[in-house]
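Chains, contacts and geometry: an overview
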Amino acid sequence: MAAQQGIYLDPDNKKATCVICRGVLKDPVSIPCGHCFCPGCIKGVWDGEDRKKTYSCPQCRQTFTPRPVLLKSTIFVDFMEKLKKTGLHQGAASPPADLCCYAGPEDVACDVCTGRKLKALKSCLMCKASYCEKHLKPHYESPLYAQHKLLDPSKKLLENLCFRHTTRTKRVFSSTHQEFVGYLYYVDRHKAPDKVAAERTERQKELEGTRKTIQRKILDKEKGVKVLQQEVVAINGCADKAVEDSEKTFTEMICLFQKKSSDLKQQLRSKQETEVGRVKEIQGKLEKEIADLRRKDAELKTLSVDNSDFLQKKTSLSCLNESPESHSSDTTSPLGYFEDMTATLSELREKLHGILNRGFPKSSPPNAPEMESVLVAPQPETRSEFLQYSCQLTLDPNTVHTHLLLSDGNRKATLVKKDQLYPWHPDRFLERWQVLSNEGLTGRCYWEVERSGVEVFIAVAYKDISRTGTFDACAFGNNAKSWGLASYRNGYHFKHGNIKASVTGTWSSRVGVYLDQSTGILSFYSVSEESTMTLLHKVQAVFTQPLYAGFRLPNTKGDAVELCTLE
């Protein structure tokens, strides 16, 4: 009856124990299958199964949905009453052992006890075993165990025994065997007990020699540390002075350039005023001559109509035939002066740029791109140009959610129903079905993704994005530490900082991602079977950390995403 109720009866202590904790049942509760457990034990088991929404019995493995209500076991009360009466009838005069007598993780357990073991009181060198109070009695009562050597309980009983005299612990160091052995074995082999002192003296001398060597090395290294400290002081002093001098020099140069710029500006404006005045003066003269000519033209027209006055005004006619003085502008164009000045300044700028570039030593890391090349190098446009920056990425098993199945050399992730048995790791996503790449992304990088199913979220994110918590804290695109493009059957949208932006473009199962981490450019492209690339979305951001490629499969089981191999 007790076994059917999920109760374990300890025959030595006449106590009913829980099959989960192996402790005495306290306030037992029953579940629909009839088994009884401690309330805290069964709650702890079912709390771990909350995510599956299916709850099972630890005894018979029967499953329940929904989570059953725990009821106090009335059958167990009757069972305990009968157990007490049976114990009294059998003459059990002493109470069962207290829980404090059971061996814990740090205690030495009795080697004879079955079931839950009691603490060992002594260890026997002859038996090579440890015993509790109950099982130790024969060693005290029977003459057969009179020669047995008892000592305090030890977990490393066999390790501490002399390999020749197994009833003796290791007490003396043997130089022959280079380990501790029993004293009797040492005396038997070396035939001279006084060699123990000689051995110790020799070892002491070796120890002193070793210590002196170590102390000498410490002194040498301390001297080296002092030299390095002095070098640090010298470097800081020189660097501070160089910074101060450079600031002073550039300040003087800036003042000089500002003065030259002001003088040149004044000179150009003066030239502008002079040339404009000259041109307007000539323009006024020409306008006056045009007016005189128009007046004379009108007079000629009048004379040609009136025949009687024509002959009388012959003198005026002769005067009208005289050509007025013509005025022409200066043939030299003033625009050449300004164009020459602009060309001179451009040439000066190029020379100064070259001097500044050649004048300073480069101290950047070997792999760091020069700022000039970053600014000058154009962004890729064709797929062949993008492929120059292709990178081979793999998915990190330490970050993948347990509902994502990795395959194809950790290049493909598939959303599955059953939890995968990944080992625990602090980098693993616990709340969202996401995964990050193994490789960090710096500089210019390009990769392509092949997707299948309903929806895939293609993202880049910082390594320190949250692994658990609210959706905004750890979901790609919903915080300031991630940027991503959602690709689904009906289209796309871009998301960053929980702000969604609609994206229009040609749908394709393959999406290309281009990242220029140094300039903050992130672009997504639709890639056709003919290798035609169509820009879907481009964003300009400020990236303060290395980025990692990331994916989220938010909807349907069977959805998958795969990192393409680019050649």
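That block above? That's the structure.
Numbers given for residues are sequential positions, taken from 1 along each chain in its written order. Owing to the predicted nature of the model, reporting of local features is limited to residues with pLDDT of at least 70; listing and counting of side-chain atom pairs is limited to 80 or more, with chain, interface and lining totals taken over all residues. For the side-chain quantities, the full set of heavy atoms in the structure was used; hydrogens and water were omitted.

1. Digging into the sheet that holds strand β25 (residues 560–563)
Spatially, the seven strands line up as an open sheet ordered β13-β14-β25-β16-β21-β22-β23, and their pairing is antiparallel. Strand pairing shows two members of the sheet lacking a second neighbour, β13 (404–407) and β23 (533–540), which therefore form its edges. On average, each strand axis in the sheet is inclined to that of its neighbour by 20°, with strand direction left out of account. Two elements, strand β16 (residues 444–452) and strand β21 (residues 510–516), share seven bridges in a ladder whose sense is antiparallel. Note on β21: the bridge partner recorded for Val449 is Val511. A pair of strands counts as paired when DSSP detects no fewer than two bridges linking them. Starting at the N terminus, helices and strands are each numbered in turn, a helix being any DSSP run of H or I of at least four residues and a strand any DSSP run of E of at least two. Only the stretch in contact is used when a helix axis is fitted, and all axes are lines through C-alpha atoms; the angle between N-to-C directions ranges over 0 to 180 degrees.

2. Brief notes about the sheet that holds strand β9 (residues 129–131)
Strand order in the open sheet made by the three strands is β9-β8-β10, with antiparallel pairing throughout. The two strands at the open ends of the sheet, each matched to only one other strand, are β9 and β10 (150–151). Along the sheet, helix α3 (residues 133–141) makes contact with β8 (122–124), β9 and β10, crossing β9 at roughly 110°. In what follows, a contact means two residues having at least one pair of non-hydrogen atoms within 4.5 Å.

3. A few points about the pattern of salt bridges
Any carboxyl oxygen of Asp or Glu within 4 Å of a side-chain nitrogen of Lys or Arg constitutes a salt bridge here. In the structure shown here, the tally under the stated rule is 18 salt bridges. Here Asp152 makes a salt bridge to Lys122, at a shortest N to O gap of 3.5 Å. Of this pair, Asp152 sits in the loop between β10 and β11 (172–174) while Lys122 sits in strand β8; the two residues are 30 residues apart in sequence, bridging distant segments of the chain. A simple rule labels every residue: compare its accessible area, found with a 1.4 Å probe on the protein chains alone, to the largest value its type can have, and call it buried under 20%, exposed over 50%, or partly exposed in between. A relative accessible area of 55% means that Asp152 is categorised as exposed. Salt bridges sharing common partners tie together Arg383, Glu448, Glu450 and Arg510.

4. Remarks on the state of the cysteines
Any cysteine sulfur atom paired with another within 2.5 Å is treated as part of a disulfide. Scanning the model with the defined rule gives zero disulfides in all. As a non-bridged cysteine, Cys18 has Cys38 as the owner of its nearest cysteine sulfur, 4.1 Å distant. Free cysteine Cys33: the closest other cysteine sulfur is in Cys57, separated by 3.5 Å.

5. Observations regarding the packing of aromatic side chains
Between the rings of Phe, Tyr and Trp (Trp by its six-membered ring), a pair exists once the centres lie within 6.5 Å; its type follows the angle of the planes, with under 30 degrees stacked, over 60 edge-to-face, and the other angles tilted. Throughout the structure, instances matching the rule amount to nine aromatic pairs. Both rings, one in Phe386 and one in Tyr514, keep their centres 5.3 Å apart while their planes meet at 75°; by these two values the pair is edge-to-face. In this pair, Phe386 sits in helix α10 (residues 383–387) while Tyr514 sits in strand β21, placing the two residues 128 residues apart along the sequence. Each member of the pair, Phe386 as well as Tyr514, carries the same accessibility label: buried. Ring geometry for Phe429 versus Phe476: centroids 5.8 Å apart, planes at 85°, classification edge-to-face. Linking Phe429 in the loop between β14 (412–415) and β15 (434–441) with Phe476 in the loop between α11 (471–474) and β18 (482–488), this pair joins segments that are 47 residues apart in sequence. Accessibility assignment for this pair places Phe429 and Phe476 in one class, buried. Through successive ring pairs, a cluster of aromatic residues spans Phe386, Tyr389, Tyr446, Tyr514 and Tyr525. Of note, Lys463 hangs over the ring of Tyr548, and the distance from its end group to the ring centre comes to 4.9 Å. Sitting over the face of the ring of Phe429, Arg467 holds its NZ or CZ atom 4.9 Å from the ring centroid. Criterion for a charge above a ring: Lys NZ or Arg CZ within 6 Å of the ring centre, and within 35 degrees of the ring normal.

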